[in-house]
Amino acid sequence: MTLSVNLAYAQFRPTVFTPVEYKPQYTDYSTLERSFQQQENRSNMAYQKYSELAQLIGEKRSKISNDKETLLWFSRNIDKKLEDVKTSLSVGDYQGAIERATRAMGDIISDIELTRRIQTYEEYKNTVEYIKGRTDLSYQQKQEWLDTYVYKFVPIYNSTGEIIGAYDWKEIGGPNNTRVILP
């Protein structure tokens, strides 16, 4: 059996070519991009707050006494706040770090004990400068006075044991928490 085709009866139908513009389909990364941008913004804000907190702590640290008791108190109560923020940053909890830093700055600024420690130390330094500047006292008298009247901080507690203030250094700066006597 043979198949034959008669081209005389075939009809030619040309097809019109209509070009279609090719538009490649890209995956939509805008949500992911926004998420990364928000994370970067939080990261930058967290490190900025950490820096502000560190600066505030440094300023307060420069205004307190260098005695062992005060430095230990400062480390336990104030430096610990900076460490908490640093821990949050190290695990990538930027929002938590921002909140901790903001709360810590507010706590430090309103800390009654820290404020009174700064005030009493300032009072002590002014008195020491006054004694050192006196020309009517010998070096030995000045040194004896400085050895007798050293800086100390004596807090005032309320009925629940919270510190609500501190005694002025001139009130308790003498031996056995007696009043300071200026020569």
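Residues numbered from 1 in each chain as written. Predicted model: local features only at pLDDT ≥ 70, side-chain atom pairs only at ≥ 80, totals over all residues. Heavy atoms only, no water.

**As for the overall build of the protein chain**
Phase 1: Scanning the protein chain from N- to C-terminus turns up six helices and two strands.
Phase 2: Along the protein chain, helices (α) and strands (β) appear in the sequence α-α-α-α-α-β-β-α when read from the amino end.
Phase 3: In terms of C-alpha radius of gyration, the protein chain reaches 38 Å, well past the compact-globule figure of 16 Å for 183 residues.
Phase 4: Judged by the C-alpha coordinates and their principal axes, the protein chain covers about 140 × 40 × 25 Å.
Phase 5: Counting every position in the protein chain, which comprises 183 residues, the buried fraction comes to 30%.
Phase 6: Restricting to contacts in the protein chain with at least 6 residues of sequence separation, those with at least 24 account for 62%.
Phase 7: Charged side chains of the protein chain number 24 positive and 25 negative; the gap between the two group centres comes to 2 Å. (Helix = DSSP H or I, 4+ residues; strand = E, 2+ residues; numbered from the N terminus. Rg over C-alpha atoms; globule rule 2.2 N^0.38 Å. Buried < 20%, exposed > 50% of the residue type's maximum accessible area, 1.4 Å probe, protein only. Contact = heavy atoms within 4.5 Å. Lys, Arg positive; Asp, Glu negative; His and termini not counted. Charge placed at Lys NZ, Arg CZ, Asp CG, Glu CD.)

**Focus: the pattern of salt bridges**
Phase 1: All told, the structure shown has 10 salt bridges when counted by the stated rule.
Phase 2: The partner of K80 in a salt bridge is D84, and the shortest N-O contact between them spans 3.4 Å. Note that K80 and D84 are positioned in helix α2 (residues 68–90) at a spacing of four residues, about one turn of the helix.
Phase 3: Here K80 falls in the partly exposed class, since its relative accessible area comes to 46%.
Phase 4: Its relative accessible area of 34% is what places D84 among the partly exposed residues.
Phase 5: Between R100 and D93 there is a salt bridge, and its shortest N-O distance comes to 3.7 Å. (Salt bridge = Lys/Arg side-chain N within 4 Å of Asp/Glu carboxyl O.)

**With respect to the confidence of the model for the protein chain**
Phase 1: When the pLDDT values of the protein chain are averaged, the result is 87; 93% of them are 70 or greater.
Phase 2: Between the elements of the protein chain, mean pLDDT differs from a low of 80, seen in helix α6 (residues 169–172), to a high of 94, seen in helix α3 (residues 94–109). (pLDDT = per-residue confidence, 0-100.)

**Quick look at the nonpolar core**
Phase 1: L53, I57, F74, I78, I108 and L114 are the most contacted members of the largest nonpolar core, which has 20 residues in total.
Phase 2: Put simply, the parts of the chain that give this core at least two residues each are α1 (30–61), α2, α3 and α4 (112–133).
Phase 3: Considering every element that reaches this core, the biggest residue donor is α3, with seven residues.
Phase 4: When near neighbours in sequence (up to four residues on either side) are disregarded, I108 contacts L53, L56, I57, K60, I78, K81 and L114.
Phase 5: Residues V128, I131, Y151 and A166 belong to the second largest nonpolar core, which totals 12 residues. (Core = buried A, V, L, I, M, F, W, Y, C linked by side-chain atoms within 4.5 Å.)

**Comments concerning α4**
Phase 1: Helix length check: α4 (22 residues) gives 31 Å between terminal C-alpha atoms against 32 Å at 1.5 Å per residue, within 8%.
Phase 2: Three or more residues of α4 are buried, namely E113, L114, R116, R117, I118, T120, Y121, E123, Y124, T127, V128 and I131.
Phase 3: Where α4 is buried, its residues contact α1, α2, α3, α5 (139–148), β2 (163–166) and α6. (Expected span 1.5 Å × (residues − 1).)

**Structural notes on the environment of R134**
Phase 1: Within the secondary structure, R134 sits in the loop between α4 and α5.
Phase 2: Separated by 49 residues in sequence, R134 and P183 have C-alpha atoms that sit 9.8 Å apart.
Phase 3: Ignoring anything within four residues of it in the chain, the contact list for R134 reads K142 and P183.

**Considering the packing of aromatic side chains**
Phase 1: One pass over the full model with this rule turns up six aromatic pairs.
Phase 2: A ring pair is formed by Y47 and Y94, whose centres lie 6.4 Å apart and whose planes are at 50°; its orientation type is tilted. Taken as a pair, Y47 in helix α1 and Y94 in helix α3 lie far apart in primary sequence, 47 residues in all.
Phase 3: An aromatic cluster is built from Y121, Y124 and Y151, whose rings are joined through pairwise contacts.
Phase 4: For the cation-ring pair, R117 lies above W73, with the distance from its terminal atom to the ring centre recorded as 4.5 Å. (Phe/Tyr/Trp six-rings, centres within 6.5 Å; stacked < 30°, edge-to-face > 60°. Lys NZ or Arg CZ within 6 Å of the ring centre and 35° of its normal.)

**Points about the pairing of β2**
Phase 1: Of the pairings in the sheet, the one linking strand β1 (residues 155–157) to β2 comprises three bridges and is antiparallel in character. Looking at the pairing, I156 lines up with G165 of β2. (Pairing = 2+ DSSP bridges.)

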